[in-house]
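Working through the structure, step by step
Residues per chain are reported as follows:
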Amino acid sequence: MYQLSSVDKKFPGVHALKSIDFHIKRGEIVGLVGENGAGKSTLMKVIYGAYQPDGGQILIDGKPVHFANPRQAMKRGIGMVFQEQSLIPNLTVMENIFLGYEAQFTRLGVVNWKAMAAAAKKQLAKVKLEIDPATVTSALSFAQRQLVELAKVLTLEERIEGDLVILLDEPTSVLSEEEVKLLFKLVRELTSRASFIFVSHRMDEVMALSDRIYVMKDGQVMDVVAKADADASAIQHKMVGRHVDREYYREQRQKPYDASRTLFEMRDIVLPGRPHKLDLALHPGEVLCLVGTEGSGREAILRTIYGMLAPVSGRFEMKGQELRNFNPRRSVAMGVGYVPRERKVEGIVSGMNVYENITLSQLGRYSRAGVIDVAREKALARDWIRKLSIKAHSEFADCGNLSGGNQQKVVLSKWRSGGSDIMLLDHPTRGLDIGAKEDVYDMIRDMSDDGVGIVLVADTLEEAIGLSHTIVVLKDGAIRQRFDCRPGAKPSLYDLLHHMI
Amino acid sequence: MKMKLTRENVIRWAPALVLLGLVVLFTAINPAFLSQRNLARIALAATPPMMVALGVTFIIVMGSIDLSMEGAVSLCAVLFCLLFLKLGGSLGAGAWLAIPAILLCGAFFGWLTGMVHVRLQIPSFMASLAMGFVGTGAAVLVTGGDIVRIDDDVFRALLTWRILGFPLMVHIAVLLVLLAWFIQNHTTLGRNFYAVGGGEELAHASGVNVRRVRLAGFALAGVFYAIAAIFQVARLGQAESVTGANLMFIAITSVVVGGVALWGGIGGVLNAVVGVLIVNVIGNGMVVIGLPNYLQDGLLGVLVIVAVVLSTDRRLVSFAK
Amino acid sequence: MTMQRIKPHLPWITLLVLTAMVGVVDPNFLRPANLLSLAGDIVPLFIMALGLTFAIYIGGIDLSVQSMANMITVIASIYLASLGAWVAVLCIAAGFGLGMVSGFLTTRLCVPSFISTLAVGGVCFSIAQWLSGNRALNMDAEQRNAVFGWMIGHTGIVPNELFLAAALLALCLFIERRTILGRVLKAVGAGEPAAKASGIDVGRYKMLAFAISGALAAIAGLLFSVKLSGGAPTIANGFLLPAIVAVLVGGTPLTGGVGGVLNTLIGTLIVAVIRASMLYLGVEATQQQMLFGLVLIGAIALTIDRSKLRTVK
């Protein structure tokens, strides 16, 4: 009844959805899986009306429709349960449920709270939640909020003639096992009234709940698997199955690292809000890759090494010195460099030129008594523009106007020129085109050759496998498995996936 | 979780406790503080700032700020006097029309501030600051820097007619507080202020017309500023371009000290009432116990900082500008 | 795109056009002596705007500058007799210290700068009232001339204030262009998260920006009280609006990161020419505030970088 027919969506530089065909039947639960960046979230946004497709058609009961915004999609029975809480915490449950649709309970702008509470009670009953609708939302548990979200979407039932399609985006990520079971039971019951599109990282859950599963990769639907034929490893194959080229990741340049020396060592480190103890060490020349799904704790580890997050307990030694206080200034002084994921926000300062960006982390070194030696700065910048062949008209170029790859090179020169020998790379190739990615891979090998230790959170699993000496798989904040990645003896994608999900 | 609960409770009850403590303190030092005459004096002094505070509360609940009240009140006060005189100079003789006219005028001024903020996408603190200057400037322009007097016994009854020892305007102010409370808790508009303050993007995604809510909020605040202007005129018997002077500091301080969070979504009309009372009790009490009242601004400055610091969850704010 | 390219040049083009316009109406306006005395009159405002530039440059605001200057006129008037020239040190230290307090509140306690500086302004006002007993004070004319006479005399036809202004401008320009402080402030204004991620203790430098703002407001207050030979808790009222206008019209946007102290020079001159033109064009002085309010709205709307504001609150 709901159908997408060869839907296309392009963004500048990215072809996010390539001729997607998708349909969902009345009362069906459809799973949607794919790696980060496969196009799942774009597809969902098209479905609930936040994006408009550039090509193809959306059909409801065979008739083409067009949504300019989510509200119009809601009018046709399409609702979204967001992964990130979309309830306003300081409002009551009933206000959240009817936010934007209060008119039915108001006369001359005055709200009839009794009527709204009664109606909210009815909605909450649908999701079997017995709470006072006048409760302030911030007082609820995560699981309860998730159910209130669902109840909010289910108000479509009364408003809409016809069928409902409800999208569930990672609904289980904050729920306990028991709560997940309850949610699934509820969703199954509700299929008498609505169809569901279920998106999750957790393969087992998708397979348990869905009638059919769409597997996406690189903006395309790779396969549609019926529940009866679903096989976890086969689906994973399709999710990640990409041509992997050893040349591409410069594997021939991977040399053994110097295991006799240690750059930093974490022993029994416990991070705030996580129960697990972490042990990790980095050696000169080593590329250590942290692998896991979003929220598995990769970022927290990077942030700890960079000094933005202080561990609760455990011993953290850097270059033979035990660390007691944690702040970025101290880390930078000890030779830690950080290439953040949000390049344009945390990586470069747009509005400042190349030399200003390069020396930002080491102003002390290019100044005397607080006065900057600009001539030396410029010389340094020219040097690195040449070394890394940064495409900028001169050291005066505004970094905000450089291409993504060149911005990344500026960030790398910032740290390398300062002599950082512990580099933290968070998705260093995100949003770069292939040529620029290869440049980054080359730079990673160069750094290894220079004895720099690198902690990498890669954009894809292949990248992680291709680049690293050591892979550490994380799940739910704990280290699940370590892999040694000598060239020729690298683990496969499925070895990693097996421990990730 | 437990920590958070106590924190929230502290924030919720601190203003009321502070008020109580101040009253006890001043009474202990000088029992005359609690005399009916003195209470009436406090209530009277608190009335115009109370109206301004009510207005700005709606704005702060939305997570914005309005600093235009001095200009708005001055302009409204001046226009009110001029209009009042033009319409006969007596409430009985048709000059009452000046009251609804000036309320509309206030709404328009507020709406204009809202337009500058929403349409030109200028942060509200600056948009309203500039509009405040424009308002004061307009008041100077209209009066040419002169003072406009009103001598109408019927109108001045707002000040002179006492019921239970309190001037009439205090009773009207109480009714207006109830009205503001009703708007806040029982109208879609009032609740939408909270939705915008609690999560603007989420409210927008749910189909709340955020721009319209903002404009309505500024217009509503403007109405309350106009009421403050009328009370101010009734109290002083005159208006000039500085009639609204110092109201910005007192009103903002009151609302924040009363427990309305600058980040939006938390607190409301009752907090503003408590805040205004705290500020005025301090001002009055310092005089009663024999301290120079000009220490008030400094003390309020300190209080406002304490209130903001207490109500800010620094884990959620990465940096302030 | 063309608008983007013209934008940085708008301030000085505006200045030239305005000056030319007034010059056409009354050629006397363009006489060097007239221009110089005009410039000399605006120096206290300029110094205040110079300091304010630092607060705005990092994306904040300092609403305490006017109260700060008020307080300093009182302090200068009272302590000139006992401290002599050292009163200047006291004034600047007071401004620097109170500015530091604003900065501390903003950076360490996460109080938005418009509130923290408003509150510090309230404190300044109280101190001024308390010290002065809420009266206007006079300096001893002889002592004033002996100690600070050099500030307000003339060298040839050039008012001495201009030398002071030039020296402070040079100092600020040096801080902005050549020191770590200036560089970090630029980075904070243009992209605070990136500055933080580079391992810089951003807070320390932001505090200094507010402290500089306070110190320069204090110098402005000192000069003002020397000019008037006295002080009072409200004597400098009416400075805040033109000071903010001067910074913003000069091309340092409310969102910070671009512009700087040279822009403020141009902005202040624009303010001066607008004021003068009102006189020459026969516009009443009573309309000045309203006009500046409108100019302010226009200047913000033109310069603000909306890409830095996720939601406009």
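Residues numbered from 1 in each chain as written. Chains lettered and ligands numbered in written order. Predicted model: local features only at pLDDT ≥ 70, side-chain atom pairs only at ≥ 80, totals over all residues. Heavy atoms only, no water.

Further remarks concern empty space enclosed by the protein. Within this structure, the stated rule accounts for 4 cavities of 30 Å³ or more. When its volume is computed, the second largest cavity comes out at roughly 50 Å³. Every residue lining the second largest cavity is listed: Leu91(A), Glu95(A), Leu99(A), Glu102(A), Val111(A), Trp113(A), Met116(A), Arg191(B) and Asn192(B). Going through the elements one at a time, helix 4 (113-126) of chain A together with helix 8 (188-198) of chain B are the ones with two or more residues in the lining of the second largest cavity. Considering only residue class, the lining of the second largest cavity consists of 5 nonpolar, 1 polar and 3 charged. (1 Å grid on protein atoms, 1.4 Å probe; cavity = no way out; pocket = protein on both sides within 12 Å on 5 of 7 lines; lining within 4 Å. Points joined across faces, edges and corners; volume = space filled by probe spheres on them. Helix = DSSP H or I, 4+ residues; strand = E, 2+ residues; numbered from the N terminus. Nonpolar A, V, L, I, M, F, W, Y, C, P; charged D, E, K, R; others polar.)

A word on the interface of chain C and chain A. Taken residue by residue, the interface counts 20 residues in chain C and 28 residues in chain A. Between chain C and chain A, the buried area comes to about 1,800 Å², and carbon and sulfur atoms account for 62% of it. Counting across the interface, chain C meets chain A through 4 salt bridges. Note that Glu356(A) is salt-bridged to Arg183(C), the shortest N-O span being 3.6 Å. Across the chain C-chain A interface, the total number found is 8 residue pairs in polar contact (both at pLDDT 80 or more). Of all the secondary-structure elements, those providing two or more residues to the side of chain C that touches chain A are helix 9 (161-178) and helix 10 (180-197) of chain C. The element best represented in the side of chain C that touches chain A is helix 10 of chain C, accounting for 12 residues. (Contact = heavy atoms within 4.5 Å. Buried area = accessible area lost by both parts, 1.4 Å probe. Salt bridge = Lys/Arg side-chain N within 4 Å of Asp/Glu carboxyl O. Polar contact = N/O pair within 3.5 Å; in protein donor to acceptor, adjacent residues only side chain to side chain.)

What follows concerns a nonpolar patch on the surface. Residues Ile6(C), Trp12(C), Ile13(C), Leu16(C), Val17(C) and Met21(C) make up a contiguous nonpolar surface patch of about 550 Å² in total accessible area. For the nonpolar patch, the leading source of residues is helix 2 (residues 10-25) of chain C, giving 5 residues. (Patch = residues over 30% accessible without salt bridge, like charges linked within 9 Å, V, L, I, M, F, W, Y side chains within 5 Å. Areas by Shrake-Rupley, 256 points an atom, 1.4 Å probe, with all protein chains shown as cover.)

Turning next to helix 16 (residues 434-449) of chain A. In an α-helix, one turn spans 3.6 residues, which is why side chains three or four residues apart end up on the same side. Residue and element names in this part refer to chain A. Along its 16 residues, helix 16 runs 23 Å from first to last C-alpha, staying within 8% of the 22 Å computed at 1.5 Å per residue. Ala436, Lys437, Val440, Tyr441, Met443, Ile444, Arg445, Met447 and Ser448 are the residues of helix 16 that are buried. Against the buried residues of helix 16 lie strand 15 (287-291), helix 15 (404-417), strand 21 (422-426), strand 22 (453-457) and helix 17 (461-467). Positioned one or two residues after helix 16, glycine 451 has a phi angle of 85 degrees, which is positive. (Expected span 1.5 Å × (residues − 1). Buried < 20%, exposed > 50% of the residue type's maximum accessible area, 1.4 Å probe, protein only.)

The next thing to look at is the UniProt feature "transmembrane region" (unreviewed entry) in chain B. Within the UniProt annotation, "transmembrane region" (unreviewed entry) is assigned to residues 55-85, 97-116, 122-142, 163-183, 215-234, 246-266, 272-291 and 298-317 of chain B. Split by type, residues 122-142 of chain B is 90% helix and 0% strand. Its first and last C-alpha atoms lie 27 Å apart. (UniProt positions renumbered as here; feature names shortened; annotations may be inferred.)

Residues and elements named next belong to chain A. Taking strand neighbours across the sheet as the criterion, the 6 strands line up as 18-21-22-15-23-24 in an open arrangement whose pairing is mixed. The sheet terminates laterally at strand 18 (336-339) and strand 24 (478-484), the two strands that pair on one side only. Strand after strand, the sheet turns through a mean of 20 degrees between neighbouring axes, direction not considered. With 3 bridges connecting them, strand 15 and strand 22 associate as parallel partners. Looking at strand 22, one finds that cysteine 289 is bridged to leucine 456. Contacts from helix 15 reach strand 18 and strand 21, with the element oriented near 170 degrees to strand 18. (Pairing = 2+ DSSP bridges. Axes fitted to C-alpha atoms, helices over the stretch in contact; angles between N-to-C directions.)

Residues and elements named next belong to chain A. Of all 5 residues in strand 22, 5 are buried, a share of seventy percent or more. Taking every second residue as pointing to the same face, both faces of strand 22 are buried, with Gly453, Val455 and Val457 on one and Ile454 and Leu456 on the other. Between the parallel pair strand 21 and strand 22, the chain is carried across by helix 16, and the sense of this crossover is right-handed. (Right-handed = clockwise from strand over helix to strand, strands pointing away.)

All names here are of chain B. Mapped onto the elements of the fold, threonine 143 is located in helix 5 (residues 124-143). In this structure the side chain of threonine 143 is engaged in a polar contact, spanning 2.9 Å, whose partner is the backbone oxygen of alanine 139. Discounting residues that sit within four places of it in the chain, threonine 143 has contacts with Val78 and Val148.

Okay, the nonpolar core next. Core analysis: the biggest nonpolar cluster contains 303 residues, and Val354(A), Ile471(A), Met51(B), Met126(B), Ile47(C), Ile244(C) and Leu296(C) have the highest contact counts within it. Per-element accounting of this core gives the leading share, 15 residues, to helix 10 (residues 210-236) of chain B. When we break this core down by domain, the ones giving at least three residues each are domain 1 (2-240) and domain 2 (251-354 + 421-500) of chain A. Not counting the four nearest positions on each side in its chain, Leu296(C) is found in contact with Met126(B), Ala130(B), Phe133(B), Leu241(C), Ile244(C), Val245(C) and Leu248(C). By size, the runner-up hydrophobic cluster in this structure holds 51 residues, among which are Ala120(A), Ala143(A), Val153(A) and Val206(A). (Core = buried A, V, L, I, M, F, W, Y, C linked by side-chain atoms within 4.5 Å. Domains from an automatic or database assignment.)

A word on the environment of Ala217(C). Residues and elements named next belong to chain C. Residue placement: alanine 217 occurs in helix 11 (residues 202-228). Residue alanine 217 is classed as buried on the basis of its relative accessible area, which comes to 0%. For the pair alanine 217 and leucine 15, spaced 202 residues apart in sequence, the C-alpha to C-alpha distance is 24 Å. Ignoring sequence-local partners within four residues, the contact set of alanine 217 consists of Val65, Met68 and Ala69.

Before going further, it helps to examine the packing of aromatic side chains. Residues and elements named next belong to chain A. Overall, the coordinates contain 18 aromatic pairs over all chains when judged by the stated rule. Between phenylalanine 184 and phenylalanine 198, the ring centres sit 5.6 Å apart and the planes meet at 90 degrees, which makes this aromatic pair edge-to-face. With phenylalanine 184 in helix 7 (residues 177-190) and phenylalanine 198 in strand 10 (residues 194-199), the pair connects residues that are 14 residues apart, well separated along the chain. By relative accessible area, which is 8% here, phenylalanine 184 ends up buried. Arranged with centres 5.7 Å apart and planes meeting at 45 degrees, the rings of phenylalanine 264 and phenylalanine 316 form a pair that is tilted. Residue phenylalanine 264 is located in strand 13 (residues 264-270), and its partner phenylalanine 316 is located in strand 16 (residues 313-318); the two are separated by 52 residues in the primary sequence. Classification of phenylalanine 264 by relative accessible area gives buried; the value is 0%. Clustering of aromatic rings is evident, with ring pairs tying together Phe264, Phe316 and Phe326. Over the ring of phenylalanine 142 we find arginine 145; its NZ or CZ atom is 5.4 Å from the centre of that ring. Between the NZ or CZ atom of arginine 159 and the centre of the ring of tyrosine 101, over which it lies, the distance is 3.5 Å. (Phe/Tyr/Trp six-rings, centres within 6.5 Å; stacked < 30°, edge-to-face > 60°. Lys NZ or Arg CZ within 6 Å of the ring centre and 35° of its normal.)

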